[in-house]
Amino acid sequence: MSELHKFLFEGLPVRGMLVRLTDSWQEVLHRREKANDAFPTPVRHLLGEMAAAGTLMQANIKFNGALILQIFGDGPVKLAVAEVQPDLAFRATAKVIGTVAEDARLEAMLNVHGHGRCAITLDPKDKLPGQQAYQGVVPLHGDRREPLQQLSEVLEHYMLQSEQLDTKLILAADDKVAAGLLIQRLPVEGAGNLASARNEDEIGLNEAYNRIAHLASTLTREELLTLSADTVLHRLFWEEPLLRFEPMVGDSGPRFACSCSRERVGGMLKSLGREEIDGIVIEQGRVEIACDFCGTKYHFDAVDVGELFTQAHNQPPASGGVH
Ligand SMILES: [Zn+2]
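Caption draft 1: Region of the structure containing the coordination of the zinc ion. For the zinc ion, every protein donor is listed as C258 (SG), C260 (SG), C291 (SG) and C294 (SG), and the spread of their distances is 2.2 to 2.3 Å. Angles of 104 to 114° at the metal separate the four donor atoms of the zinc ion, which places the site in the tetrahedral class. Written as a sequence motif, the donor residues of the zinc ion are C-x1-C-x30-C-x2-C. Considered together, C291 and C294 belong to a single accessibility category, that of buried residues.

In structure tokens, the structure reads:
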């Protein structure tokens, strides 16, 4: 079963999390296969890493709304999305136009011309009037404009920029498991106006983070994908004062769920305008929309479309989702 483990290092300003998406991740891929629309291997693995990273980031902040991790690409992959709700329900999809090589990495998939972007959106659940979603955007290249090949590097950059916290991320995915390890330096109380007498302590605490982040970076892709959470944490941190919390599994853990609905699809059709929709109904007899995330098909015939456009305007507009 998919699981999330949170932990602290007692007395040290360092915390961490480990996620393993198993059944939930396989369901994402299975639904895609069933729709006869499986993603190329490197795209599947990127999406798995995004789902794992999105889950870690959502669990790491206290935010009542969706965390949406999107990469807008200028290569064969135009868009890759992972969306994680506050209860850790997640979904993921991608839009691929063109051929993706079997060994393609981030640059070859999404950043061929250097215009790829990664956006992290925090979309509040119950928006106050005028309240906007928060969005942070980072490029897919490093400080010296070198193209990044790993999603983890892109996201470490984002975390440093948005939260001003050093973060170490290890991500890996195959067709069975999508997993991630996050190690983060916690802000030290009173930092910023430290008296010189405290600097030695400060240096010691920084060393603790560096040591733990280094241990984390020794974790191989193979280990992350195949070993249990207990084994990974023991192997890496058996000499550290590790304090673990109750794992989050089952209903309180990460799981696949899609938030699409007939109402939302209807709202999206309405936004396209009656003329456009009537045109499709005349041509094809009905409108068929399949959800990109879960594969559910929604049908609207002439009667449904008539109802849609004569309904009183008592529904909120459809959110600008990725349908
Ligand atoms: Zn759906």
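Next comes the rest of the account.
Caption draft 2: Quick peek at the side chain of N60. Mapped onto the elements of the fold, N60 is located in helix α2 (residues 41-60). Setting aside residues up to four positions removed in sequence, N60 forms contacts with R15, M17, M159, E163, L182 and Q184.

Caption draft 3: View of the sheet that holds strand β6 (residues 117-124). Judged by pairing direction, the sheet is mixed, and its six strands sit side by side in the order β7-β6-β3-β4-β5-β12 without closing on themselves. Where the open sheet ends on each side, the last strands, each with one partner, are β7 (134-139) and β12 (255-256). Across two bridges, the pairing between strand β5 (residues 89-96) and β12 is parallel. Bridge pairing in β12 places F90 opposite F256. On top of the sheet, α2 reaches β3 (65-72), β4 (77-84), β5 and β6; it is set at about 35° to β4, its chief contact. Strands in contact with helix α4 (residues 151-163) are β3, β6 and β7; relative to β7, the strand with the most contacts, it is inclined by about 130°.

Caption draft 4: Here's a closer look at the confidence of the model for the protein. On average, the protein scores 91 in pLDDT, and the residues at 70 or more come to 93%. When the elements of the protein are averaged for pLDDT, helix α5 (residues 199-217) gives the smallest value, 85, and β4 the largest, 98. Every residue in residues 193-197 is under pLDDT 50, and counting partners more than four places away or in other chains gives two contacts.

Caption draft 5: Seen up close, the packing of helix α8 (residues 262-272) against helix α10 (residues 302-310). At a minimum axis distance of 10 Å, the contact between α8 and α10 shows a crossing angle of 75°. The orientation of α8 relative to α10 falls into the category roughly perpendicular. Where α8 abuts α10, its residues R262, G266, L269 and K270 lie against D304, L308 and F309. Classifying every residue of the contact of α8 with α10 gives three nonpolar, one polar and three charged.

Caption draft 6: Here's a closer look at the packing of aromatic side chains. One pass over the structure, following the stated rule, counts three aromatic pairs. Seen in terms of ring centroids, F7 and F237 are 6.1 Å apart; in terms of plane orientation they differ by 45°. Their pairing is tilted. In this pair, F7 sits in strand β1 (residues 3-9) while F237 sits in helix α7 (residues 229-237), placing the two residues 230 residues apart along the sequence. One exposure class covers both F7 and F237, and it is buried. In this structure, R91 packs its charged tip against the face of F293, placed 3.8 Å from the ring centre. The lysine or arginine in question, R262, covers the ring of F300, its NZ or CZ lying 4.1 Å from the ring centre.

Criteria and thresholds
- Residues numbered from 1 in each chain as written.
- Predicted model: local features only at pLDDT ≥ 70, side-chain atom pairs only at ≥ 80, totals over all residues.
- Heavy atoms only, no water.
- Donors = N, O, S within 2.8 Å, 3.2 Å for Na, K, Ca; no water.
- Tetrahedral: all angles 85-135°; square planar, octahedral: opposite > 155°, others 65-115°.
- Buried < 20%, exposed > 50% of the residue type's maximum accessible area, 1.4 Å probe, protein only.
- Helix = DSSP H or I, 4+ residues; strand = E, 2+ residues; numbered from the N terminus.
- Contact = heavy atoms within 4.5 Å.
- Pairing = 2+ DSSP bridges.
- Axes fitted to C-alpha atoms, helices over the stretch in contact; angles between N-to-C directions.
- pLDDT = per-residue confidence, 0-100.
- Parallel < 35°, antiparallel > 145°, perpendicular 65-115°, else oblique.
- Nonpolar A, V, L, I, M, F, W, Y, C, P; charged D, E, K, R; others polar.
- Phe/Tyr/Trp six-rings, centres within 6.5 Å; stacked < 30°, edge-to-face > 60°.
- Lys NZ or Arg CZ within 6 Å of the ring centre and 35° of its normal.

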